[in-house]
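Chain and residue survey
As a plain string of letters, each chain reads:
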Amino acid sequence: MTGHTGFKGSWLVRMLMEAGTEVYGYALKAPTEPSLYELTKTGNSIRERIADIRDYETLLGAMREFRPEIVLHLAAQPIVRESYRIPRETFEVNVMGTVNVLEAARHTDSVRSIVNVTTDKVYLNMEEQRGYAEDDPLDGYDPYSNSKSCSDLVTHSYRSSFFNEAGVAVSTARAGNVIGGGDFAKDRIIPDCVRAAMAGEDVVLRNPSSVRPFQHVLEPLAAYLTIAARQEDDPSVSGAYNVGPNASDTVTTSELVGIFAEYWGNGFSFSVKNDGGPHEAGLLMLDSTKIAKVLGFTPRWGIREAVKKTVEWSKVYADGGDICACMSEQIADYFRI
């Protein structure tokens with residue numbers, strides 16, 4: 001898998017290891033300080049190559065050395081506001097990085113199944129009161145969203161041009177905003193809440209009325225694994241899949257933070273202040289009917305449970321507790337349902 005040193009990647013590695021799967025990782029060093037990858041010593045438990053997906057020759061060498069059967073592509077520049085600051089790098093990583101991963105996989109005969117993780121932001125977002133479906137037009141206002149739309153289209157081209165004939169199943173997974181313990185990224189609302197709560201401060205909301213399909217990190221990770229496994233057995237189910245919460249769990253930013261405040265307690269609160277930052281969509285919803293119908297995958301945790309689990313992990317971390325044990329317990333709890 002690529003991107004194993006990131007927030008989602010670190011959770012996915014732990015899920016796979018606990019399932020008894022042999023994991024190979026390819027990524028740059030952990031993107032935040034602190035990082036879930038470093039805190040959990042993930043690199044001590046798997047074979048990995050710390051390198052850039054823009055370095056095709058190194059990536060190809062790692063792919064041929066590791067000889068994976070399933071490729072999960074998570075590496076990306078994932079922050080909307082950061083993409084305004086570094087647009088060129090964002091396009092290089094998210095578009096040419098995807099080209100390199102697919103090209104390396106094309107020249108590695110062990111590969112049977114590929115899942116490219118894109119985003120719910122790949123759609124031409126008219127901010128309508130409906131969920132976007134997989135056959136809606138792709139686009140993207142900001143460099144991040146646009147680059148992930150391009151990544152999705154690149155994947156479609158490689159599937160049609162090369163992988164279908166080779167018998168390799170390829171899908172894209174378009175997940176909504178994720179929350180969970182161990183996300184230390186900047187300019188994300190729940191990490192901002194955790195930092196503020198630990199410091200005994202209020203959190204400042206830029207866009208309190210923005211609507212996003214928030215979900216716990218385990219939801220899309222379980223979906224990626226479901227897609228990868230099912231399409232390996234039956235390539236006819238490969239394609240594009242939305243991975244989002246139930247419609248009732250799509251909430252505004254202020255509602256999300258209100259739930260966080262309820263579970264965190266200790267007088268945590270928030271204020272509103274527009275910082276004059278770049279454009280960010282005010283409304284985004286997903287229609288995840290397809291993955292339920294084709295693969296039988298539906299969300300297990302609603303938004304309240306997702307926030308509760310995030311606060312639970314964050315308090316273990318704040319108290320210096322065993323975060324790895326907490327992660328294992330939450331993974332077991334998720335799959336116990």
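Attention here is on the structure that accompanies the text.

The rules behind these values
- Residues numbered from 1 in each chain as written.
- Predicted model: local features only at pLDDT ≥ 70, side-chain atom pairs only at ≥ 80, totals over all residues.
- Heavy atoms only, no water.
- Pairing = 2+ DSSP bridges.
- Helix = DSSP H or I, 4+ residues; strand = E, 2+ residues; numbered from the N terminus.
- Axes fitted to C-alpha atoms, helices over the stretch in contact; angles between N-to-C directions.
- Contact = heavy atoms within 4.5 Å.
- Buried < 20%, exposed > 50% of the residue type's maximum accessible area, 1.4 Å probe, protein only.
- Polar contact = N/O pair within 3.5 Å; in protein donor to acceptor, adjacent residues only side chain to side chain.
- Phe/Tyr/Trp six-rings, centres within 6.5 Å; stacked < 30°, edge-to-face > 60°.
- Lys NZ or Arg CZ within 6 Å of the ring centre and 35° of its normal.
- Disulfide = S-S within 2.5 Å.
- Expected span 1.5 Å × (residues − 1).
- Bend = angle between axes of the 7 residues up to and from the residue.
- Salt bridge = Lys/Arg side-chain N within 4 Å of Asp/Glu carboxyl O.

Remarks on the sheet that holds strand E3 (residues 70-73)
Reading across from one edge, E3-E4-E5-E10 is the order of the four strands in this open sheet, with parallel pairing throughout. Single-partner strands in this sheet number two, and they are E3 and strand E10 (240-243). Averaged over all adjacent pairs, the angle separating strand axes in this sheet is 20 degrees, with direction ignored. In terms of strand pairing, E3 meets strand E4 (residues 113-117) through four bridges, oriented parallel. Each residue of the ladder has a partner; that of Val71, found in E4, is Ile114. Helix H6 (residues 143-166) rests against E4 and strand E5 (169-175) of the sheet, and its axis sits at about 165 degrees to E5.

With respect to the environment of Thr42
For Thr42, the position within the fold is in the loop between helix H2 (36-39) and strand E2 (47-50). Thr42 sits in the buried class, given a relative accessible area of 4%. Thr42 sits 32 residues away from Ser10 along the chain, and the two C-alpha atoms are 6.8 Å apart. Not counting the four nearest positions on each side in its chain, Thr42 is found in contact with Ser10, Val13 and Tyr37. Among the polar contacts made by the side chain of Thr42, one reaches the side chain of Thr40 at a distance of 2.7 Å.

Notes on the packing of aromatic side chains
Applying the stated criterion across every chain, the model contains 11 aromatic pairs. On the basis of an interplanar angle of 85 degrees and a centroid distance of 5.3 Å, the ring pair of Trp301 and Tyr334 is categorised as edge-to-face. One end of the pair, Trp301, is in the loop between helix H10 (289-295) and helix H11 (303-318); the other, Tyr334, is in helix H12 (residues 323-336), with 33 residues separating them in the sequence. Classification of Tyr334 by relative accessible area gives buried; the value is 1%. Note on Tyr334 and Phe335: the rings are 5.0 Å apart at their centroids and 85 degrees apart in plane angle, and the pair reads as edge-to-face. Feature note: the residues Tyr158, Phe162 and Phe163 constitute an aromatic cluster, connected by ring pairs. One cation-aromatic arrangement involves Arg106 over Phe162; the distance from NZ or CZ to the ring centre is 4.1 Å.

Topic: the state of the cysteines
In this structure the tally under the stated criterion is zero disulfides. Cysteine Cys324 is unpaired, with the sulfur of Cys326 as its nearest cysteine sulfur at 9.8 Å.

Re H6
Taking 1.5 Å of rise per residue, the 24 residues of H6 would be expected to cover 34 Å, and the 33 Å separating its terminal C-alpha atoms lies within 8% of that figure. Within H6, the axis deviates most sharply at Arg159, by approximately 50 degrees. Between the side-chain oxygen at the start of H6 and the backbone nitrogen of Tyr144 there is a gap of 3.1 Å, and the oxygen is on Asp142.

Let's talk about the pattern of salt bridges
Oppositely charged side chains are able to pair whenever their charged atoms sit close together. Throughout the structure, instances matching the rule amount to 21 salt bridges. As a salt-bridge pair, Arg49 and Glu65 come within 2.4 Å of each other at their nearest N and O atoms. Here Arg49 is found in strand E2, whereas its partner Glu65 is found in helix H3 (residues 56-66), with 16 residues between them in sequence. With a shortest N-O distance of 2.8 Å, Asp52 and Arg54 are connected by a salt bridge. A cluster of three or more residues bridged by salt bridges with shared partners is formed by Asp52, Arg54, Arg88 and Glu92.

Digging into the side chain of Ser147
As for its placement among the helices and strands, Ser147 is situated in helix H6. By relative accessible area, which is 0% here, Ser147 ends up buried. Among all residues touching Ser147, those that are not within four sequence positions of it are Thr90, Phe91, Asn94 and Val95.

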